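Summary of structural features
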Amino acid sequence: MHIAFNGWFWDQPNTGSGQYIRHLVRHLRRLDPQLELTLILPPHNPSPDNVPDNVNVINTGGLRGKVGKIWFEQRTFPKMVAKSGADIAHVPYWGPPLSSPAKLVTSVLDMIPLVIPEYSKGIFNRLYTALVSSAAVGSAHTITISEAAKEDIIQHLNLPADSISVTYLGIDDAFHPRMGAERDEAVRQKYNLPDDDFILYLGGFDFRKQIDQVLLAYTYVVKAEGDKYPLVLAGKQPAWGTSVFPDLPAYAEELNLTDLIHWTGYIDEADKPSIYRLASVYVFPSMYEGFGFMPLEAMASGTPAVTSNIDVFEEVLGDGAYLAANVREMAGGIIGLLGQEPFRDTMTNQGLARATRYTWRKTAQQTLEVYHKVMAMEPK
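No experiment lies behind these values; they were computed from the predicted model shown.

Attention shifts here to helix H2 (residues 65-84). Its 20 residues place the ends of H2 only 25 Å apart at the C-alpha level, less than the 28 Å of an ideal helix rising 1.5 Å per residue. Maximal helix bending in H2 amounts to about 45°, located at Phe72. What H2 keeps buried is the set Gly68, Lys69, Phe72, Glu73, Gln74, Thr76, Phe77, Pro78, Met80, Val81 and Ser84. The secondary structure elements touched by the buried residues of H2 are strand E1 (2-6), strand E2 (36-41), strand E3 (55-59), strand E4 (88-91) and helix H4 (123-136). Where H2 terminates, the next one or two residues include Gly85, which has phi positive at roughly 75°.

Written out as structure tokens, the structure is:
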């Protein structure tokens, strides 16, 4: 069996789609050495790194940017699939071609543009969302990463339930309470992190992440604990004050929190395990996710997580995280984890146990089962 992958996100390991394709290809290679795997790369990534041995690479030319992405997805990728002779074309993100020379498998990691319309504003974004929504019905099978995401796909794309498989994602071995801990102090110095306990948010700052709720919850922590526990907001800062990126520094100033917050800027992927380990509590109150990578990474690192109580977190995180229904509950969870050692130990252990359920080997095994199912289908 020969699988050809759309490699648009291969050079973006700091994104969920980039992590997904890298881990999937690597673990498929380990799981079944007899598989023939081909990675079809876009023009912006002519020299890919970390490609496993015995994976074919096809480099392509053409346009870059938004228009280049559509051209690659709709024309270049199918053309190279035909050239490679692959049995299955796998697009590991929501960007399938309207027509494919091989049986098409599409991974839809989330439905953000349809669930939250603000993310599909603008003529280009609306047209692209319409294009990939139409193309999705042409897939022989769709893969997604949670039952919650599957329900969204059924609702918004009207795909039949039996055409969608859930393959949970995995957590890298680097996220561990002790493995690699010898680097922690160097990482602390690199980002000028507090010397003692601190509360951490690590991720993006678009309004879907609801960092305003982190700031508001933190005011309750400050009332209860004073300035004992600084708040670290880690991640690349955007241009503030847009419809997607609210002006969080201004809101922090309004709440009189400016002097208690440390903004780290961009975090290198290799440094994330240390930052999770160094934190006392990780907070992640997102309103919508396809899976929940980051709280799981924190839990796997031995740091208890406080999150919103959205359906996907109830499904994926379960009792491994403290799920809060509102800002007051969020603040109560943070304060409890900081000050009550038995509660903290319980949540830490439950988080570690929950995180062990999610491995990339299991993701690869379930994906391979989808490939076999697709190969057994009669041609349409």
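A few words on the packing of helix H1 (residues 16-31) against helix H14 (residues 360-375). Close contact between H1 and H14 brings their axes to 8 Å; oriented N to C, the two are set at 80°. The orientation of H1 with respect to H14, classified from their angle, is roughly perpendicular. Every residue of H14 that contacts H1 at Gln19, Tyr20, His23, Leu24, His27, Leu28 and Leu31 is listed here: Trp360, Arg361, Thr363, Ala364, Gln365, Thr367, Leu368 and Tyr371. A per-class count over the contact of H1 with H14 returns 8 nonpolar, 6 polar and 1 charged.

Before going further, it helps to examine the pattern of salt bridges. Taken as a whole and judged by the stated rule, the model has 11 salt bridges. As a salt-bridge pair, Arg22 and Asp49 come within 2.6 Å of each other at their nearest N and O atoms. Placement of the pair is Arg22 in helix H1 and Asp49 in the loop between E2 and E3, with a sequence separation of 27 residues. Of the residues examined, Asp49 reaches a relative accessible area of 40% and is grouped as partly exposed.

We now examine the layout of surface pockets. Taken as a whole, the second largest pocket holds about 320 Å³ of empty space. Forming the boundary of the second largest pocket are 18 residues, of which Pro13, Gln19, His23, Asp172 and Glu269 lie nearest the centre. Grouping the amino acids of the lining of the second largest pocket by side-chain chemistry returns 8 nonpolar, 5 polar and 5 charged.

Considering all chains together, one arrives at 19 aromatic pairs under this definition. Ring centres 5.6 Å apart and planes at 45° place the aromatic pair Trp8 and Phe72 in the tilted group. One end of the pair, Trp8, is in the loop between E1 and H1; the other, Phe72, is in helix H2, with 64 residues separating them in the sequence. Each member of the pair, Trp8 together with Phe72, is buried. Taken together through their ring pairs, the aromatic side chains of Phe175, Tyr201, Phe205, Trp240, Trp263, Tyr276, Tyr282, Phe284 and Phe313 make up a single cluster. Sitting over the face of the ring of Tyr220, Lys223 holds its NZ or CZ atom 5.5 Å from the ring centroid.

Turning to the sheet that holds E1, a few remarks are in order. Adjacent strands of a sheet form backbone hydrogen bonds with each other and so pair up, either parallel or antiparallel. With respect to topology, 7 strands assemble into an open sheet ordered E3-E2-E1-E4-E5-E6-E7, the strand pairing being parallel. Strand pairing shows two members of the sheet lacking a second neighbour, E3 and strand E7 (164-166), which therefore form its edges. Direction aside, neighbouring strands of the sheet carry axes that sit 25° apart on average. With 5 bridges joining them, E1 and E2 adopt parallel strand pairing. The residue of E2 that forms the bridge with Asn6 is Ile40. Across the sheet, H1 is in contact with E1, E2, E3, E4, strand E5 (103-107) and strand E6 (141-144); its angle to E1 comes to roughly 165°.

With that settled, the discussion passes to the side chain of Thr348. Within the fold, Thr348 resides in helix H13 (residues 341-355). Looking at Thr348, its side chain comes within polar contact range of the main-chain oxygen of Arg344, at 2.8 Å. In this structure, Thr348 is in contact with Gly302 and Pro304, ignoring residues within four places of it in sequence.

Turning our attention to the nonpolar core. Judged by nonpolar contacts, the single largest core of 89 residues is most densely connected at Phe5, Leu200 and Tyr282. If we ignore the near neighbours within four places in the chain, the residues touching Leu200 are Val232, Ala234, Ile275, Tyr276, Ala279, Val281, Tyr282 and Val283. Listed in part, the 28 residues of the second largest apolar core include Phe72, Val81, Ala102 and Tyr288.

About the thresholds
- Residues numbered from 1 in each chain as written.
- Predicted model: local features only at pLDDT ≥ 70, side-chain atom pairs only at ≥ 80, totals over all residues.
- Heavy atoms only, no water.
- Helix = DSSP H or I, 4+ residues; strand = E, 2+ residues; numbered from the N terminus.
- Expected span 1.5 Å × (residues − 1).
- Bend = angle between axes of the 7 residues up to and from the residue.
- Buried < 20%, exposed > 50% of the residue type's maximum accessible area, 1.4 Å probe, protein only.
- Contact = heavy atoms within 4.5 Å.
- Axes fitted to C-alpha atoms, helices over the stretch in contact; angles between N-to-C directions.
- Parallel < 35°, antiparallel > 145°, perpendicular 65-115°, else oblique.
- Nonpolar A, V, L, I, M, F, W, Y, C, P; charged D, E, K, R; others polar.
- Salt bridge = Lys/Arg side-chain N within 4 Å of Asp/Glu carboxyl O.
- 1 Å grid on protein atoms, 1.4 Å probe; cavity = no way out; pocket = protein on both sides within 12 Å on 5 of 7 lines; lining within 4 Å.
- Points joined across faces, edges and corners; volume = space filled by probe spheres on them.
- Phe/Tyr/Trp six-rings, centres within 6.5 Å; stacked < 30°, edge-to-face > 60°.
- Lys NZ or Arg CZ within 6 Å of the ring centre and 35° of its normal.
- Pairing = 2+ DSSP bridges.
- Polar contact = N/O pair within 3.5 Å; in protein donor to acceptor, adjacent residues only side chain to side chain.
- Core = buried A, V, L, I, M, F, W, Y, C linked by side-chain atoms within 4.5 Å.

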